[in-house]
Amino acid sequence: MNYLLPLFIIFSFVAHAKVNSELSGNLEVQGRHAWNNPEAKDLFQNWDQEDFYLMYGNLNGKLEFDHSRLEANWFVRKSFSKLYKNDYAATRIYNFPNSLVARNIFKLEYKDQDSNGLTESVLNKIYYEFDYKEHRFAFGRMYINYGLGEIFNPINPFNQPTGLTSIQQVAQGNDGFSFTYFMSENHTIGFYALGDKYVENYQNEFTKTFWVHGEYQFSDKLQLDYVLGEDQKRGKVGGQVSYQGDEALYFGQVLYQTSYVDNKDSSNLWDALLGYDRQLDAKWHLRFEGGYQKQNKFAQVGFGSRFLPTEYFAALALVDEIHPLVKLTGTVVNDIKSGFTYLIAKSTFNLSHNMEADIFGYTPIAKGDTVDNPAQKLVTTDLGVALRAFF
């Protein structure tokens, strides 16, 4: 990690100069006991129950000048479990997202896995951004954040949603350039030129992405987002419509992906999402997301790197703040087609102004027809605790 020392020196120096600087981060430790799905043994997952331990954190630095800024984030993750001895799939589920860089040219990461665990260290954000009147230009490794889906967010292929995982405070970086043009108070367009060598296993030339994301505010309540371009060797086009009503937020997304532009065996893909979000009263919050993601028949696992092993799904989440220091969350996800149903329960305790703890559980509560979706057999039952601190 030779790039970390220069960054530390830079941020330490400007802390005493006439430049606005900021340093923040978080650290979290988790432990869980997992019970395997007996049907997973059909997929060579030959274990019954096991423990899994995880520690991860972020260190984020920011320098702000008159019309520009430099920002970087260092992410470190360490996990331990006997499950690594045979490289069982559960370790990748517990570490989702497995990659902290979605479009990766430069690597800037260290990863080491052995029979006892996995160590990762990655600079998942480092970019310079310059503002000038109606324009904003950035280059480097950047986060690309847009879209309202927390469980499924198809119009944004550059940052996987983590609404169903136990890992928080994570985002994926993307290598390239961006140019944002503020056409008016109501209309903004972002242009992205990105690259990725991961698709070709860091051999030969990189896979190119040319992407446009626009936001048009029709009124204080109604907004349209649109996306189009070429990404991961597919042409893609789609959009999102959101309406902020007096009592709730309504939104919908659709994304169409062509078959591979280089004529390799593939098929087109469709994604769609409908969402509803409402604060019921001072304590209760309700959120619904339902959607469709077309299964990729040419992928080894039909949904590739996506976290949801479902084609049609409906998810309902309820949050109850039973005390100013205690929050209960329950989420049910159902595969409408197969009948597979998954329950997530979590209790969050606010221990201080910069520390909180979770008790969480994950379990399938209804088995589905796994003929079309064998990955659903890999879903385990877990009970765990987490402690996180912010600074």
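Residues numbered from 1 in each chain as written. Predicted model: local features only at pLDDT ≥ 70, side-chain atom pairs only at ≥ 80, totals over all residues. Heavy atoms only, no water.

Thoughts on the environment of Ser338
For step 1, the next point in the chain: Tracing the backbone shows Ser338 in the loop between strand E17 (326-335) and strand E18 (341-352).
For step 2, the next point in the chain: Ser338 gets classed as buried once you look at its relative accessible area, which sits at 13%.
For step 3, the next point in the chain: Separated by 35 residues in sequence, Ser338 and Asn373 place their C-alpha atoms 8.3 Å apart.
For step 4, the next point in the chain: Among all residues touching Ser338, those that are not within four sequence positions of it are Gly368, Asp369 and Gln376. (Helix = DSSP H or I, 4+ residues; strand = E, 2+ residues; numbered from the N terminus. Buried < 20%, exposed > 50% of the residue type's maximum accessible area, 1.4 Å probe, protein only. Contact = heavy atoms within 4.5 Å.)

As for the confidence of the model for the chain
For step 1, the next point in the chain: Across the chain, the average pLDDT comes to 90, with 91% of residues at or above 70.
For step 2, the next point in the chain: Element-level pLDDT for the chain is lowest in helix H1 (residues 4-14), with a mean of 57, against a maximum mean of 98 in strand E20 (residues 381-390). (pLDDT = per-residue confidence, 0-100.)

Overview of the pairing of strand E13 (residues 248-260)
For step 1, the next point in the chain: Direction of pairing for strand E12 (residues 234-244) relative to E13: antiparallel, over a ladder of 10 bridges. In the strand pairing of E13, Gln244 is matched with Leu249.
For step 2, the next point in the chain: Where E12 folds back onto E13 in an antiparallel hairpin, the turn is made up of 3 residues.
For step 3, the next point in the chain: Across 10 bridges, the pairing between E13 and strand E14 (residues 269-279) is antiparallel. Within E14, the residue paired with Tyr256 across the bridge is Trp270. (Pairing = 2+ DSSP bridges.)

Topic: the pattern of salt bridges
For step 1, the next point in the chain: Scanning all chains against the criterion turns up 24 salt bridges.
For step 2, the next point in the chain: Here Asp48 and Lys41 are joined by a salt bridge, their closest N and O atoms 2.7 Å apart.
For step 3, the next point in the chain: With a relative accessible area of 36%, Lys41 lands in the partly exposed category.
For step 4, the next point in the chain: Note that Lys236 and Asp231 form a salt bridge whose closest N and O atoms lie 2.8 Å from each other. For the pair formed by Lys236 and Asp231, the shared burial category is buried. (Salt bridge = Lys/Arg side-chain N within 4 Å of Asp/Glu carboxyl O.)

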